[in-house]
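Listed below, chain by chain, are the residues.
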Amino acid sequence: MSDPRSPSPPPADDSAGSTVTVSGHDTPDPRLLGGGPRPSGSVRWTLALIALGVFATVAGAAFLLSAFGVSPFDEFSVPWPNWLLDTTTTPEKLGVMVFAIVLFVVVMALILLSVDRARAVPNWALVAAFLGPALLMLAFGLLYPMFRTIRESFFDRTGANYIGFDNYVTMFSQNEFQIVLRNTLIWVLLVPILATFIGLVYAVLVDRTRFEALAKGLIFLPMAISLVGASIIWRFVYAYRPDQDGVAQIGLINQLLVWIGFEPQQFLLGAPMNTFWLLIVMIWVQTGFAMTVLSAAIKAIPDDIVEAARLDGLTGIRMFRYITVPSIRPALIVVMVTVTMTTLKAFDIVRTMTGGQFETSVVANEFYTQSFRQGNFGLGATLAVFLFVLVIPVVIYQVRQLRLAEEIR
Amino acid sequence: MTTTPTPPVVPADTAAIPRQLTAAERRAAAARAKLSSPWASAVAIVIALVWTIPTIGLLVSSFRPQQSINTSGWWTWFTNPEFTFANYDEVLFGARESFSTYFINSIVITLPAVVIPITLALLAAYAFAWIDFKGRDILFVAVFALQIVPLQVALIPLMQQYVRWEIAGSFWTVWLSHSIFALPLATFLLHNFMKDIPPSLVEAARVDGAGHVKIFFRVLLPLLVPAIAAFGIFQFLWVWNDLLVALTFAGGTPNVAPLTARLAELAGSRGEAWHLLTAGAFVAMIVPLVVFLALQRYFVRGLLSGGVKG
């Protein structure tokens, strides 16, 4: 990628020397924050290189060590002051919160000041200051744990004994886990398709009507509600009261059933239909997202295309089929992929509505149950790895799309 | 902007009607014709009802007395209105539920978990957008790819790490985890916005002798306020509504656990206590709903820049 916006300092070279032409004095300048525009560049350059080297070494070593089951962060014990960790009263909590934010701001200000003061800041120091904190956190909090989890998936429930692929065999062969896999498949197939479809139909129907803003707002609102909240809302909709004289239904759907002459149902208990009742909640939450993105895409269809199609006599459903849908294909794909990802990882609904009982569990929920309820770290890790494997194709696809987008830019 | 000639009608009328392009007007007319088709309107109305009635049911129920909630449907409220704050009183301040404590926890968790990742991601996005260095593209793709990695793969090792560091069960673990998990998406979104800023602006500042830090604060930051608002809402909603990270790191203690964790626990332990569940759910919902409605514009912009840009 050739970027015309190259910064004023020459692009940093890997080999030393190219940027340090100004270095005149050999004694290292100890002042990190001070320093004028004078030739302290070489010192900073060295410091930055050291910092970068340390970072690379730590990260690299961490990955290598994790493969052998050694944790590099182990021997890091600080006698934390009690008030930082034990917060019971409201003032204590708020105090620690303010302290955390101030601490963060001060640290970042120091880092930025140190690269701002000197004129001859080498590129690497700049990059390290701007990018370092984020990369360090990602390496510590996502990359390294990822490798550890992969490793752990080959160990037993305590993580002490290597057991090869046993966890994977368990996951794919045992009956209860096959149900989990089946449910996950149902979720991942139905939620994206239905949410996208309903969102698209609704977006087309309300497009450029008088009530558009209000109509969209109604569908949109569930996005602000937590999945836990949405689950409670829908559990109330599904609520069941025994079918006896003098007992009124309090759940809307069962009341509707009774009104039209059917018996009330225990929606959440009967497998396999209960999985469908659960995934409706996810559709309910995700449709707003689909509708918003697709609505914007529909509005971006050039007027002359619509006009030409109309002159050719296209209306209604055929307009939708031959003009609208093909024109917004990229947006459709993005929405489907995004909803699929969200669905795959979400465990809140299953956990809140049934706790994974009655054959409703999905992989994300089973991960939580195995890891933190059953204490089976090995199997939990295996389920997490399985989730990870499922999203890898999407990662690759997304990266390709990103590359394409960058080329167009 | 194309100005359409003012049509020769009553001036009061023209002032009320916004000037539109004729093609757009025609499309709007077509849309009106479309909705006048009875089936289309019926479908739209049914969808709108299904998407609102469940929430209305919850809201109405939360104000009904416990006895009524358990013996009659919430729709009877419209013929037999009753109104009480008793449910809210019990759920917020009752000795057993004390949602007010968890409400504070949610606030304490959310603020740093929004501020910290946005700041870090802004800096990272700046580096990716405006500083040239070797391996930049590779690094950016790597960070971008990380946003799809399921959190689940990081939870167990992170928790073990926190236990070793003896900070498990404190707010610090929740802040740190949320910040880490937000970074990939935040960096990607803010980078998108940064790339949209005309390079000439940055060039001009550079010619004037401004360094990267100055350019970042003086030139880019003011222009990025809408982008920051957009991601800020994302992150706010995500953290406030999150259950997975909260359950894993904040456990169930009233010292750190947020509202969602408490609500989920209540749903598990007292699944039929509807007077508490309805009021509790609404307590947990009210802040995100208000923020969401107030800043909806930015939220939509964020969605679109992250979603359909590619």
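Calculation notes
- Residues numbered from 1 in each chain as written.
- Chains lettered and ligands numbered in written order.
- Predicted model: local features only at pLDDT ≥ 70, side-chain atom pairs only at ≥ 80, totals over all residues.
- Heavy atoms only, no water.
- Helix = DSSP H or I, 4+ residues; strand = E, 2+ residues; numbered from the N terminus.
- Buried < 20%, exposed > 50% of the residue type's maximum accessible area, 1.4 Å probe, protein only.
- Contact = heavy atoms within 4.5 Å.
- Domains from an automatic or database assignment.
- Buried area = accessible area lost by both parts, 1.4 Å probe.
- Salt bridge = Lys/Arg side-chain N within 4 Å of Asp/Glu carboxyl O.
- Polar contact = N/O pair within 3.5 Å; in protein donor to acceptor, adjacent residues only side chain to side chain.
- Nonpolar A, V, L, I, M, F, W, Y, C, P; charged D, E, K, R; others polar.
- Expected span 1.5 Å × (residues − 1).
- Bend = angle between axes of the 7 residues up to and from the residue.
- Core = buried A, V, L, I, M, F, W, Y, C linked by side-chain atoms within 4.5 Å.
- Phe/Tyr/Trp six-rings, centres within 6.5 Å; stacked < 30°, edge-to-face > 60°.
- Lys NZ or Arg CZ within 6 Å of the ring centre and 35° of its normal.
- Axes fitted to C-alpha atoms, helices over the stretch in contact; angles between N-to-C directions.
- Parallel < 35°, antiparallel > 145°, perpendicular 65-115°, else oblique.
- Left-handed = near helix turned anticlockwise from the far one by under 90°.
- Patch = residues over 30% accessible without salt bridge, like charges linked within 9 Å, V, L, I, M, F, W, Y side chains within 5 Å.
- Areas by Shrake-Rupley, 256 points an atom, 1.4 Å probe, with all protein chains shown as cover.

1. Some remarks on the overall build of chain A
Looking only at helices and strands, one finds 16 helices and 0 strands in chain A. Within chain A, the proportion of its 409 residues that are buried is 50%. In chain A, the share of contacts with a sequence separation of at least 24, taken over all contacts with a separation of at least 6, comes to 65%.

2. Description of the domain arrangement of chain B
Residues and elements named next belong to chain B. As assigned here, chain B comprises domain 1 (33–84) and domain 2 (99–307). Each of domain 1 and domain 2 has a C-alpha centre, and the two are 34 Å apart. Buried area between domain 1 and domain 2, both sides added, is near 670 Å², and the carbon and sulfur share of it is 80%. Our count for the contact surface shared by domain 1 and domain 2 stands at 0 salt bridges. Across the domain 1-domain 2 interface, the total number found is 0 residue pairs in polar contact (both at pLDDT 80 or more). Each residue belonging to the side of domain 1 that touches domain 2 can be placed in one class, and the counts come to 3 nonpolar, 5 polar and no charged.

3. Brief notes about the domain arrangement of chain A
Reports of interface size often rely on the accessible area that becomes lost once the parts have come together. All names here are of chain A. Split into domains, chain A comes out as domain 1 (41–152) and domain 2 (168–408). The interface is formed by 4 residues belonging to domain 1 together with 6 residues belonging to domain 2. Taken together, the two surfaces of domain 1 and domain 2 that pack against each other cover about 390 Å², and 81% of this comes from carbon and sulfur. Together, Thr149, Ile150 and Glu152 form the three largest contributors to the area buried by domain 1 at its contact with domain 2, with a combined 81%. Its residues placed into classes, the side of domain 1 that touches domain 2 shows 2 nonpolar, 1 polar and 1 charged.

4. Examining helix H3 (residues 38–62) of chain B
For H3 of chain B, which comprises 25 residues, the first-to-last C-alpha distance of 36 Å matches the rise-based estimate of 36 Å (1.5 Å per residue) to within 8%. At Thr52 of chain B, H3 of chain B shows its maximal bend, which comes to roughly 30 degrees, and the proline Pro54 of chain B appears one to four places after that position.

5. What to know about unusual backbone geometry
Residues and elements named next belong to chain A. Even without being a glycine, Phe358 presents a positive backbone phi close to 55 degrees. Its location among the elements puts Phe358 in the loop between helix H14 (348–353) and helix H15 (363–373). Using a relative accessible area of 36% as the deciding quantity, one classes Phe358 as partly exposed. A positive phi is found at Glu359, a non-glycine position, where the angle reads about 60 degrees. Mapped onto the secondary structure, Glu359 falls in the loop between H14 and H15. Looking at Glu359, the relative accessible area reads 40%, which means it is partly exposed.

6. Observations concerning the interface of chain B and chain A
In this complex, chain B contributes 134 residues to the contact, which on the side of chain A involves 132 residues. Across the chain B-chain A interface, the total number found is 10 residue pairs in polar contact (both at pLDDT 80 or more). The residue makeup of the side of chain B that touches chain A, split by class, is 90 nonpolar, 28 polar and 16 charged.

7. Focus: the nonpolar core
Membership of the largest hydrophobic core comes to 221 residues, with the highest contact counts inside it found for Phe130 of chain A together with Met194 of chain B. Counting residues per element, this core draws most heavily on helix H6 (residues 99–130) of chain B, which supplies 19 residues. Apart from residues no more than four positions distant in its own chain, Met194 of chain B is found in contact with Leu122, Ala125, Tyr126, Ala129, Trp130, Phe216, Leu220 and Leu224 of chain B.

8. Here's the deal with the side chain of Thr292 of chain A
By secondary structure assignment, the location of Thr292 of chain A is in helix H10 (residues 273–299). The contact partners of Thr292 of chain A, leaving out residues within four places of it in the chain, are Phe220 of chain A together with Val300, Leu303 and Leu304 of chain B.

9. Thoughts on the packing of aromatic side chains
Here a ring pair, both rings aromatic, is described through the centre-centre distance and the interplanar angle of the planes. As enumerated under the stated definition, the model contains 42 aromatic pairs over all chains in all. Judged by centre distance (5.7 Å) and plane angle (85 degrees), the rings of Phe63 of chain B and Phe85 of chain B are edge-to-face. On the criterion of sequence distance, the pair formed by Phe63 of chain B in the loop between H3 and helix H4 (66–71) and Phe85 of chain B in the loop between H4 and helix H5 (86–93) is long-range, its members being 22 residues apart. By relative accessible area, which is 52% here, Phe85 of chain B ends up exposed. Here Trp74 of chain B and Trp75 of chain B contribute two aromatic rings whose centre-to-centre distance is 5.7 Å and whose plane-to-plane angle is 75 degrees, an arrangement assigned as edge-to-face. The same class applies to Trp74 of chain B and to Trp75 of chain B, which are both buried. By way of ring pairs, the aromatic residues Phe220 of chain A together with Phe231, Phe234, Phe292 and Phe299 of chain B are connected into one cluster. The ring centre of Tyr322 of chain A lies 4.9 Å from the NZ or CZ of Arg321 of chain A, which sits over that ring.

10. Overview of the packing of helix H11 (residues 212–223) of chain B against helix H12 (residues 225–241) of chain B
Residue and element names in this part refer to chain B. Close contact between H11 and H12 brings their axes to 4 Å; oriented N to C, the two are set at 60 degrees. The angle between H11 and H12 falls in the class oblique. Only Val225, Pro226 and Ile228 of H12 make contact with H11, whose side of the interface consists of Leu221, Pro222 and Leu223. Residue classes in the contact of H11 with H12 are distributed as 6 nonpolar, no polar and no charged.

11. Side note on the packing of H15 of chain A against helix H8 (residues 152–164) of chain B
Direction vectors running N to C along H15 of chain A and H8 of chain B enclose 15 degrees, while the axes themselves pass 11 Å from each other. As judged from the angle between their axes, H15 of chain A and H8 of chain B are roughly parallel. Helix-helix and strand crossings are classified by hand; for H15 of chain A and H8 of chain B the assignment is right-handed. Contact residues: H15 of chain A offers Ala364, Phe367, Ser371 and Phe372 of chain A, while H8 of chain B offers Gln152, Leu155, Ile156 and Met159 of chain B. Among the residues making up the contact of H15 of chain A with H8 of chain B, the classes are represented as 6 nonpolar, 2 polar and no charged.

12. Considering helix H8 (residues 227–238) of chain A
Residue and element names in this part refer to chain A. An ideal rise of 1.5 Å per residue puts 16 Å on 12 residues; H8 measures up with 16 Å between its terminal C-alpha atoms. Along H8, 12 of the 12 residues are buried, which leaves the element largely enclosed by surrounding structure. Among all positions of H8, only Leu227, Val228, Gly229, Ala230, Ser231, Ile232, Ile233, Trp234, Arg235, Phe236, Val237 and Tyr238 are buried.

13. Side note on the pattern of salt bridges
Residue and element names in this part refer to chain A. This structure, assessed with the given rule, holds 8 salt bridges over all chains. Arg148 is paired through a salt bridge with Glu152; the nearest N and O atoms lie 3.8 Å apart. Here Arg148 and its partner Glu152 are both found in helix H4 (residues 123–152), 4 residues apart, which amounts to about one turn of the helix. Where Arg310 meets Glu307, a salt bridge forms, and the shortest distance between an N and an O atom there is 3.9 Å. Separated by 3 residues within a single helix, Arg310 and Glu307 lie in helix H11 (residues 303–311), roughly one turn from each other. On the accessibility criterion, Glu307 (19% relative accessible area) is buried.

14. Quick notes on a nonpolar patch on the surface
All names here are of chain A. A grouping of Trp83, Phe99, Leu103 and Val107 is seen on the molecular surface, where their side chains present a nonpolar patch of about 360 Å² in accessible area. A total of 3 residues in the nonpolar patch trace back to one element, the largest contributor, which is helix H3 (residues 90–116). Inspection of the secondary structure puts Val107 in helix H3.

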